[in-house]
Amino acid sequence: MPPRRPDPEKLRAALDAQLVALDEPPYDGPATALPGALVAAVLAAYDRGLTPERDAARQAVRHLLDRLVAAAPGRTVEVRVPPYAAVQAIAGPRHTRGTPPNVVEMDGRTWIELAMGRLTWADAMATGAVSASGARADLSEHLPL
């Protein structure tokens, strides 16, 4: 399955809303850099102790999940970041019905910090920020993205 292509206008709207919430000027960079700028803006909100704009957080989480799928295609592990998105990734035995045997679940902030290398898999597991079940539910070799 080819990677999902986000709508640049929706990305820009989410980014600009997040920037306004941070008292920053609207984004004026290239469209190709929109996803990275959006992730950076969401991280800036977290760093300031703010709750990111919902659509900005959703788009940032989805972008990074799509990067995981592109880097580690497959259907062995389901990665859930409620309420934003869930994907199947990692090569191996395919799961088709019911609850997958290998599930990783975490909140949006944890996923973004793992994907960007600001948090290690070991630290996230040790603090309980990630719930992982199944023999293959270990993303450490695929992170950071």
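Structure: above.
Visitor: Tell me about the overall build of the protein, residues and numbers included.
Guide: Looking only at helices and strands, the protein features five helices and four strands. The order of α-helices and β-strands along the protein, N terminus first, is α-α-α-β-β-β-α-α-β. In terms of overall size, the protein behaves like a compact globule, its C-alpha atoms giving a radius of gyration of 15 Å where 145 residues would be expected to give roughly 15 Å. Seen through its C-alpha atoms, the protein measures out along the principal axes to roughly 45 × 35 × 25 Å. Within the protein, contacts between residues separated by at least 24 positions form 53% of all contacts whose residues are at least 6 apart in sequence. Accessible area for the protein stands at about 7,800 Å²; split by element, carbon and sulfur atoms hold 52% of it.

Visitor: I'd like a rundown of the pattern of salt bridges, residues and numbers included.
Guide: Applying the stated rule across the entire model yields seven salt bridges. One salt bridge in this structure joins Arg-48 and Glu-24, with 2.9 Å as the shortest N-O distance. Highlighted residues: Arg-48 in the loop between α2 (34-47) and α3 (54-71) and Glu-24 in the loop between α1 (8-21) and α2, separated in sequence by 24 residues. On the accessibility criterion, Glu-24 (34% relative accessible area) is partly exposed. Where Asp-47 meets Arg-118, a salt bridge forms, and the shortest distance between an N and an O atom there is 2.4 Å. With Asp-47 in helix α2 and Arg-118 in the loop between α4 (108-115) and α5 (121-127), the pair connects residues that are 71 residues apart, well separated along the chain. Classification of Asp-47 by relative accessible area gives partly exposed; the value is 48%. Relative accessible area serves as the criterion here: at 42%, Arg-118 is assigned to the partly exposed category. Connected through salt bridges with shared partners, the residues Glu-78, Arg-80 and Glu-105 form a single ionic network.

Visitor: Got a sec to walk through the nonpolar core? Specific residues and values, please.
Guide: Within the largest apolar cluster, 40 residues are counted, with the highest numbers of intra-cluster contacts made by Trp-111, Ile-112 and Leu-139. Looking at this core, the elements with two or more residues in it are α1, α2, α3, β1 (77-81), β2 (85-89), β3 (103-106), α4 and α5. Apart from the residues lying within four places of it in its own chain, the contact partners of Trp-111 are Val-61, Leu-64, Leu-65, Leu-68, Val-81, Met-106, Leu-139, Leu-143 and Leu-145.

Visitor: Any details on the packing of α2 against α4? Residues and values, ideally.
Guide: Put simply, α2 and α4 touch, their axes get as near as 11 Å, and they point 120 degrees apart. Viewed along their axes, α2 and α4 adopt a mutual orientation that is oblique. Between α2 and α4 lies a crossing whose hand is left-handed. Between α2 and α4, the residues in contact are Val-39, Val-42, Leu-43 and Tyr-46 and Gly-108, Arg-109, Ile-112 and Glu-113, respectively. Across the contact of α2 with α4, the residue classes break down as five nonpolar, one polar and two charged.

About the thresholds
Residues numbered from 1 in each chain as written. Predicted model: local features only at pLDDT ≥ 70, side-chain atom pairs only at ≥ 80, totals over all residues. Heavy atoms only, no water. Helix = DSSP H or I, 4+ residues; strand = E, 2+ residues; numbered from the N terminus. Rg over C-alpha atoms; globule rule 2.2 N^0.38 Å. Contact = heavy atoms within 4.5 Å. Areas by Shrake-Rupley, 256 points an atom, 1.4 Å probe, with all protein chains shown as cover. Salt bridge = Lys/Arg side-chain N within 4 Å of Asp/Glu carboxyl O. Buried < 20%, exposed > 50% of the residue type's maximum accessible area, 1.4 Å probe, protein only. Core = buried A, V, L, I, M, F, W, Y, C linked by side-chain atoms within 4.5 Å. Axes fitted to C-alpha atoms, helices over the stretch in contact; angles between N-to-C directions. Parallel < 35°, antiparallel > 145°, perpendicular 65-115°, else oblique. Left-handed = near helix turned anticlockwise from the far one by under 90°. Nonpolar A, V, L, I, M, F, W, Y, C, P; charged D, E, K, R; others polar.

On their own, these measurements won't tell you what the molecule is for.
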